[in-house]
Amino acid sequence: MAKSVINEAEQIQLAIQMINLGARLQLLESQTTLSRERLIKLYKEIKGMSPPKGMLPFSTDWFLTWQPNIHSSIFVNIYRFLIEHAGVRGITAVMKAYKLYLQQVGSEPDDEMVLSLTRAWTLIRFLDSNMLKMQKCRCCGGEFVVNAYDLHEHYQCNLCHVPSRAGKTKKAKEQAAALIA
């Protein structure tokens with residue numbers, strides 16, 4: 001098969017968009033046809049540093065804890081809306097949903113994001129493989145990410161039934177101390 005300059009340019013543009021949204025190298029490799037070496041060079045040129053090393057997150061448990069579950073559920077609901085109504089698919093749908101998610105959570109440039117693009121992509125893969133699913137809350141009616149193999153007959157989301165330790169992070173304590181001082 002002959003190489004297409006236009007196809008290669010489209011792949012580079014896709015990689016650039018994903019890098020700017022914070023994609024890890026493994027995600028770039030799985031969604032583009034560019035070589036690993038080319039992606040590393042592109043990453044270094046855009047970010048000014050080498051891509052982070054290490055394995056991608058694999059556990060579904062992260063998506064079920066209090067704050068990540070709320071953020072993951074927001075993202076999935078946006079993603080599902082785009083799939084159903086905007087006619088986008090694949091990584092394009094994930095990236096568009098992620099951009100809308102970022103707008104909705106109103107992140108500041110210095111804030112650490114709860115849900116990264118790589119985690120959002122992983123979440124969609126977990127949903128597609130039926131490891132996770134969406135469940136309607138019996139109180140508010142919203143749909144939230146849950147473990148597909150747990151019982152959910154009387155499911156209450158993390159917003160209607162807030163866990164006792166929710167929000168008691170080190171960052172929250174530091175912010176509260178700064179307000180008092």
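Rules used throughout
- Residues numbered from 1 in each chain as written.
- Predicted model: local features only at pLDDT ≥ 70, side-chain atom pairs only at ≥ 80, totals over all residues.
- Heavy atoms only, no water.
- pLDDT = per-residue confidence, 0-100.
- Helix = DSSP H or I, 4+ residues; strand = E, 2+ residues; numbered from the N terminus.
- Axes fitted to C-alpha atoms, helices over the stretch in contact; angles between N-to-C directions.
- Parallel < 35°, antiparallel > 145°, perpendicular 65-115°, else oblique.
- Contact = heavy atoms within 4.5 Å.
- Nonpolar A, V, L, I, M, F, W, Y, C, P; charged D, E, K, R; others polar.
- Core = buried A, V, L, I, M, F, W, Y, C linked by side-chain atoms within 4.5 Å.
- Buried < 20%, exposed > 50% of the residue type's maximum accessible area, 1.4 Å probe, protein only.
- Salt bridge = Lys/Arg side-chain N within 4 Å of Asp/Glu carboxyl O.

Enquirer: An account of the confidence of the model for the chain is needed here, citing residue identities and associated values.
Expert: Of all residues in the chain, 86% attain a pLDDT of 70 or more, and the chain-wide mean is 88. Mean pLDDT in the chain bottoms out at helix 7 (residues 170-180), which sits at 61, and peaks at strand 1 (residues 132-136), which reaches 97.

Enquirer: How would you summarise the packing of helix 4 (residues 66-85) against helix 6 (residues 117-128) if you had to cite specific residues and measurements?
Expert: Look at helix 4 against helix 6: their axes get within 11 Å of each other, and the N-to-C directions meet at 70 degrees. Compared by their axis directions, helix 4 and helix 6 come out roughly perpendicular. Of the residues in helix 6, those touching helix 4 at Ser-72, Phe-75, Val-76 and Tyr-79 are Ala-120, Leu-123, Ile-124 and Leu-127. In terms of residue class, the contact of helix 4 with helix 6 is made up of seven nonpolar, one polar and no charged.

Enquirer: Kindly report on the nonpolar core, identifying the contributing residues and their values.
Expert: Counting residues in hydrophobic clusters, the biggest one holds 39 residues, and the most contacted among them are Met-18, Leu-28, Phe-75, Ile-91, Val-94, Leu-117 and Leu-123. Mapped by element, the contributors of at least two residues to this core are helix 1 (5-20), helix 2 (25-31), helix 3 (36-47), helix 4, helix 5 (90-105), helix 6 and strand 1. With near-sequence residues (within four places) excluded, Phe-75 lies in contact with Val-94, Ala-97, Tyr-98, Tyr-101, Leu-115, Ala-120, Leu-123 and Ile-124. Counting five residues, the second largest nonpolar core, distinct from the first, contains Cys-137, Phe-144, Val-146 and Tyr-155.

Enquirer: Explain unusual backbone geometry to me, using residue names and the numbers behind them.
Expert: Across the chain, the bulk of peptide bonds are trans and the bulk of non-glycine residues have phi less than zero. Even without being glycine, Asn-130 reaches a positive phi, approximately 60 degrees. For Asn-130, the location among the structural elements is in the loop between helix 6 and strand 1. For Asn-130, a relative accessible area of 52% puts it in the exposed group.

Enquirer: Can you break down the environment of Val-76 residue by residue, with the values?
Expert: By secondary structure assignment, the location of Val-76 is in helix 4. Residue classification places Val-76 among the buried residues on the basis of a relative accessible area of 0%. Through-space distance from the C-alpha of Val-76 to that of Val-145 is 8.0 Å; in sequence the pair is 69 residues apart. Filtering out sequence-adjacent residues up to four positions away, Val-76 remains in contact with Leu-123, Leu-127, Met-134 and Val-145.

Enquirer: Account for the pattern of salt bridges, with residues named and values stated.
Expert: For the coordinates displayed, the defined rule picks out three salt bridges. Linking Glu-29 and Arg-36 is a salt bridge whose minimum nitrogen-to-oxygen distance equals 2.9 Å. By relative accessible area, Glu-29 is classed as partly exposed at 30%. A salt bridge links Arg-80 to Glu-143; the nearest nitrogen and oxygen atoms lie 3.0 Å apart. Taken together, the residues Arg-80 in helix 4 and Glu-143 in strand 2 (residues 143-147) connect sequence positions 63 residues apart. Judged by its relative accessible area of 25%, Glu-143 falls in the partly exposed class.

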